[in-house]
Amino acid sequence: MDFQIFVNTFSSACAILAVKKGVAGHASEVRIHRANDCYKGTMGVARYRDDMLYSDMVPKDSKFEDFCYRCAFQKQKLHTYVETRYMNCWSDITFLPLEGGDDEISYCAFFFEFTKKPDANRMSTISADIASTVIKNCVILRSATDFYSSLSLVMEDLMIKSDAVATCILQVDRKNRDYEVLCEKFLSKEVSMKEHKHLLPYEVVETWDKTIGGSDGVIIKDKHDLQALEKINPLWAENLKQTLVTSLILFPLMQGKTAMGYLFIANFDTQKLVQIKELAALTAFFLTSEISEHILVEKLEKLGHEDLLTGVKNRNSMNYRVDMFVTGEQKIAAPFGVIFADLNGLKQMNDKKGHAAGDELIKSAAACIKSIFTEDEIYRAGGDEFVIICPACSKEEFEEKVAKLKSKSCYGSQVSLAVGSDWNEDGDDLRHSMHLADEAMYRDKESFYALHKDVDRRNKAPAIC
């Protein structure tokens with residue numbers, strides 16, 4: 001067959017790839033044997049030459065080489081639609097097996113088209129089984145009342161479809177050089193990454209971006225791939241050996257040009273690699289948007305219910321808590337205690353040293369309260385007022401905490417608080433307990449100013465108790 005005549009019959013980009021057989025199931029090299037003008041124009045006429053190594057034209061990619069081998073030697077017709085990050089586009093790729101060649105070198109036709117953004121029609125050209133799985137998982141996530149439980153179902157389904165030992169989603173925190181296990185599924189119920197994070201240190205995770213490069217992910221299917229990984233990322237390769245990972249699919253969850261996290265499948269059925277890769281790639285694509293949206297909602301909820309200055313819950317959160325108690329939707333474990341604490345001398349601090357100094361005093365007051373009420377509910381109810389609810393707290397324990405707070409914030413301390421409290425044995429009227437604690441706090445504040453006329457002359461810098 002005259003391959004040049006063959007490629008010239010196509011108006012879209014087409015090339016003939018000459019694939020040289022390597023170790024079992026791998027190509028030792030892939031060359032661009034012939035190409036049409038559209039291919040040369042797209043990839044760069046000046047760079048092109050017949051029989052050049054494909055890796056002289058584009059970055060080396062083990063997934064691409066695997067498809068070339070499958071098509072050329074195993075005569076599989078293959079199609080994929082993937083994000084080509086190093087070219088900032090999506091690639092619609094088709095491989096067609098060709099006759100000719102011998103036991104050492106065989107050929108396949110390679111067609112591609114680029115789109116700037118993901119195209120729904122191209123992305124949906126998948127098998128019925130994969131389409132059914134992806135649609136089902138999208139519905140599970142979209143109709144979820146508990147996002148993380150739904151995510152767990154998706155990971156379990158992916159593990160079953162892949163005949164894998166484990167599936168996992170990690171969220172990366174580059175600022176703090178850490179990561180969080182958002183969801184995991186292991187074949188063995190006794191294994192958990194959350195409990196054994198030391199087995200995958202952040203120093204390994206931070207190398208993944210560089211290893212993925214401009215590709216859409218990393219696939220390791222056997223010892224040969226692991227040896228290839230060892231040459232470019234020995235730290236990760238050694239970690240995989242130590243954790244007994246023999247095959248792996250890793251896809252980044254891309255948010256813009258940055259990976260917000262990763263999806264990986266470990267020790268899967270490599271005989272189903274093509275189908276699993278397609279399923280994992282689509283799952284990663286949809287998971288990215290779902291997780292991004294959920295994280296955004298969590299941040300908005302946090303902003304709506306957390307006081308940004310002190311990190312404790314804000315007044316909106318306190319009002320919601322009281323409303324839920326009154327309607328009976330959320331009770332507080334009885335007996336419980338309520339404390340109102342109000343800063344003494346905040347106005348004087350603001351007047352003498354400015355509001356920045358006043359903010360530091362408020363932060364110090366919050367830190368003092370948090371150091372005592374470590375497991376309790378703390379709210380910043382107003383500018384200088386805090387409310388603390390202590391669920392399931394005995395009278396002795398509650399009074400001990402109140403006494404400790406008063407001791408740490410008495411006159412002469414760098415943080416001075418007026419404190420009022422009420423202990424509720426039956427747990428039947430939160431609002432009444434809050435009213436009593438509030439009144440007691442105001443009595444304490446009046447006593448403080450009556451006894452300490454010099455408070456206006458205090459000039460102490462705030463510090464954490």
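**Student:** Any details on the sheet that holds strand E2 (residues 27-35)? Residues and values, ideally.
**Tutor:** The strand order E3-E2-E1-E6-E5-E4 describes an open sheet built from six strands, whose pairing is antiparallel. Looking along the sheet, the strands with just one partner apiece sit at the ends: strand E3 (52-53) and strand E4 (78-84). With seven bridges connecting them, strand E1 (residues 13-21) and E2 associate as antiparallel partners. Residue pairing in the sheet places Ala18 in a bridge with Arg31 of E2.

**Student:** Talk me through helix H12 (residues 315-327); I want residue IDs and the actual numbers.
**Tutor:** If you check H12, its first and last C-alpha atoms are 18 Å apart, about what 13 residues at 1.5 Å a residue would give, namely 18 Å. The distance from a side-chain oxygen at the start of H12 to the backbone nitrogen of Asn316 is 3.2 Å, and the residue carrying that oxygen is Asn314. Phi for Gly328, located one or two positions after H12, is positive at around 90 degrees.

**Student:** Can you tell me about helix H3 (residues 62-74), naming the residues and giving the values?
**Tutor:** Every α-helix winds through 3.6 residues per turn, so residues three or four apart in the chain are directed the same way. Spanning 13 residues, H3 covers 17 Å between terminal C-alpha atoms, matching the ideal 18 Å at 1.5 Å per step. Among the 13 residues of H3, 11 are classified as buried, and the element is accordingly described as predominantly covered. Considered for burial, the residues of H3 that qualify are Lys63, Phe64, Glu65, Asp66, Phe67, Cys68, Tyr69, Arg70, Cys71, Ala72 and Phe73. Between the side-chain oxygen at the start of H3 and the backbone nitrogen of Lys63 there is a gap of 2.8 Å, and the oxygen is on Asp61. Where H3 terminates, the next one or two residues include Lys75, which has phi positive at roughly 55 degrees.

**Student:** Report on the nonpolar core, specifying residues and quantitative values.
**Tutor:** Leu151, Met155, Ile169, Ile249, Ile265 and Ile291 are the most contacted members of the largest nonpolar core, which totals 33 residues. At the level of elements, helix H5 (128-142), helix H6 (147-162), strand E8 (178-186), strand E10 (248-255), strand E11 (258-266) and helix H11 (273-305) are the ones that each hand at least two residues to this core. Considering every element that reaches this core, the biggest residue donor is H11, with nine residues. Not counting the four nearest positions on each side in its chain, Ile291 is found in contact with Phe147, Ile169, Leu182, Leu253 and Met260. Ranked by size, the runner-up nonpolar core spans 30 residues in total, among them Leu17, Tyr54, Phe67 and Cys68.

**Student:** Hey, could you go over the packing of helix H9 (residues 223-232) against helix H10 (residues 234-242) for me, with residue numbers and the actual values?
**Tutor:** In a pair of packed helices, the angle between the axes and the distance between the axes together describe the arrangement. The geometry of H9 relative to H10 is characterised by a closest axis approach of 6 Å and an angle of 140 degrees between their N-to-C directions. Classed by the angle they form, the pair H9 and H10 counts as oblique. Residue-level contacts link Leu226, Leu229, Glu230 and Ile232 of H9 to Pro234, Trp236, Ala237, Leu240 and Lys241 of H10.

**Student:** An account of the side chain of Thr288 is needed here, citing residue identities and associated values.
**Tutor:** Position of Thr288 relative to the elements: it lies in helix H11. The buried category is assigned to Thr288, whose relative accessible area is 10%. Within polar-contact distance, the side chain of Thr288 engages the backbone oxygen of Ala284 at 2.7 Å. In this structure Thr288 touches Leu253, Met254 and Met260, once residues within four positions along its chain are discounted.

**Student:** Kindly report on the environment of Asp102, identifying the contributing residues and their values.
**Tutor:** Position of Asp102 relative to the elements: it lies in the loop between strand E5 (89-97) and strand E6 (105-115). With a relative accessible area of 49%, Asp102 lands in the partly exposed category. Between the alpha carbons of Asp102 and Ser447 there is a distance of 99 Å; along the sequence they are 345 residues apart. A distance of 2.8 Å separates a polar side-chain atom of Asp102 from the backbone nitrogen of Glu104.

Basis of the calculations
- Residues numbered from 1 in each chain as written.
- Predicted model: local features only at pLDDT ≥ 70, side-chain atom pairs only at ≥ 80, totals over all residues.
- Heavy atoms only, no water.
- Pairing = 2+ DSSP bridges.
- Helix = DSSP H or I, 4+ residues; strand = E, 2+ residues; numbered from the N terminus.
- Expected span 1.5 Å × (residues − 1).
- Polar contact = N/O pair within 3.5 Å; in protein donor to acceptor, adjacent residues only side chain to side chain.
- Buried < 20%, exposed > 50% of the residue type's maximum accessible area, 1.4 Å probe, protein only.
- Core = buried A, V, L, I, M, F, W, Y, C linked by side-chain atoms within 4.5 Å.
- Contact = heavy atoms within 4.5 Å.
- Axes fitted to C-alpha atoms, helices over the stretch in contact; angles between N-to-C directions.
- Parallel < 35°, antiparallel > 145°, perpendicular 65-115°, else oblique.

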